[in-house]
Amino acid sequence: MSSKIEITKVCQHCGNDFIAKTTVTKFCNQKCAAKNYKQRKKTEKLNEVKTPTIQKTDFNLAQINDKEYLSIADTCQLLGASRMTIYRNIKNGTIKAAKLGKRTIIKKSNIEKLFTS
Ligand SMILES: [Zn+2]
């Protein structure tokens, strides 16, 4: 008697019967495994594209609302402006920003101030 486990399984990619050496094997060979992996990745990517952008924005905005200090990217999202616009306004002093190493940090209240005067 062999101690090897032999399980007849159906390949999840091509549907052929095969003898699996382990209980976790899902494919009859490497080729099927690779093809299935590729296909899954492709599907994942497609699903990503299908996800509405609005949902993503809403989520980010909720996060931004909780923050006191914003990155340039956050500020772009919040104001719906481009990075160039934000940088230009920092340069001309409209938006006050602090440099933290390579990062530019903007206090949210500084942005809110833009709308109070
Ligand atoms: Zn197969």
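Counting starts from 1 at the beginning of each chain's written sequence and moves along it residue by residue. Per-residue local features of the predicted model are confined to residues with pLDDT of at least 70, and side-chain atom pairs are confined, for both listing and counting, to 80 or more; whole-chain, interface and lining totals are unaffected and use all residues.

**What to know about the overall build of the protein chain**
Working step 1: Assigned secondary structure in the protein chain consists of five helices and five strands.
Working step 2: When the helices and strands of the protein chain are placed in sequence order, the string is β-β-α-α-β-α-α-β-β-α.
Working step 3: In this scheme the burial state of a residue depends on its C-beta neighbours within 10 Å: 20 or more other such atoms mean buried, 12 or fewer mean exposed, and anything in between means partly exposed; the C-beta positions come from the backbone. For the protein chain, the residues scored as buried account for 9% of the 117 residues in total.
Working step 4: Here the contact rule is simple: place C-beta atoms from the backbone, and any two residues whose C-beta atoms are within 7 Å are in contact. Considering only intrachain contacts with a sequence separation of at least 6, the fraction spanning at least 24 residues in the protein chain is 21%. Strands are runs of DSSP state E lasting at least 2 residues, helices are runs of H or I lasting at least 4, and numbering of each runs from the N terminus.

**Regarding the confidence of the model for the protein chain**
Working step 1: Confidence scores here are pLDDT values: one per residue, from the predictor, ranging 0 to 100. Confidence in the prediction for the protein chain averages 86 pLDDT; 88% of positions are at 70 or higher.
Working step 2: Mean pLDDT values for the elements of the protein chain range from 69 in helix H2 (residues 53-66) up to 95 in helix H4 (residues 83-91).

**Looking at the sheet that holds strand S4 (residues 98-100)**
Working step 1: Spatially, S3-S5-S4 is the arrangement adopted by the three strands of the open sheet, whose pairing is antiparallel. Edge positions in the open sheet fall to strand S3 (69-70) and S4, since each of these has one partner strand only.
Working step 2: Here three bridges tie S4 to strand S5 (residues 103-107), and the two strands are oriented antiparallel to one another. The residue bridging Ala-98 from the neighbouring strand is Ile-105, located in S5. The pairing criterion for strands is at least two bridges between them, as found by DSSP.

**What to know about helix H1 (residues 30-50)**
Working step 1: For a helix, the expected span equals 1.5 Å multiplied by the residue count minus one. With 21 residues, H1 should cover 30 Å at 1.5 Å per step; its first-to-last C-alpha distance of 30 Å lies within 8% of that length.
Working step 2: Judged by how many residues are buried, H1 sits mostly at the surface: zero of 21 residues are covered.

**Structural notes on the environment of Ile-19**
Working step 1: Mapping Ile-19 onto the fold places it in strand S2 (residues 17-20).
Working step 2: With 13 residues separating them along the chain, Ile-19 and Glu-6 place their C-alpha atoms 6.0 Å apart.
Working step 3: The residues contacting Ile-19, other than those within four sequence positions of it, are Glu-6 and Thr-8.

**Describing the pairing of strand S1 (residues 7-10)**
Working step 1: By the bridge criterion, four bridges tie S1 to S2 in an arrangement that is antiparallel. Considered in S2, the bridge of Thr-8 is made with Ile-19.
Working step 2: Taking the residues that link successive antiparallel strands as the turn, the S1-S2 hairpin has six residues, and the phi of Gly-15 there is positive, at about 85 degrees.

**Re the pairing of S5**
Working step 1: Strand direction decides the pairing type here: S3 and S5, joined by two bridges, are antiparallel. By the bridge assignment, Leu-70 is partnered in S5 with Ile-106.
Working step 2: Joining the antiparallel neighbours S4 and S5 is a turn of two residues, in which Gly-101 adopts a positive phi near 65 degrees.

**Observations regarding the environment of Leu-70**
Working step 1: Tracing the chain through its elements places Leu-70 in strand S3.
Working step 2: Take Leu-70: there are 22 C-beta atoms within 10 Å of it, and that puts it in the buried class.
Working step 3: Put simply, Leu-70 and Ile-111 are 41 residues apart on the chain and 9.8 Å apart in space, counted from C-alpha to C-alpha.
Working step 4: Among all residues touching Leu-70, those that are not within four sequence positions of it are Ile-64, Thr-75, Leu-78, Ile-106 and Lys-108.

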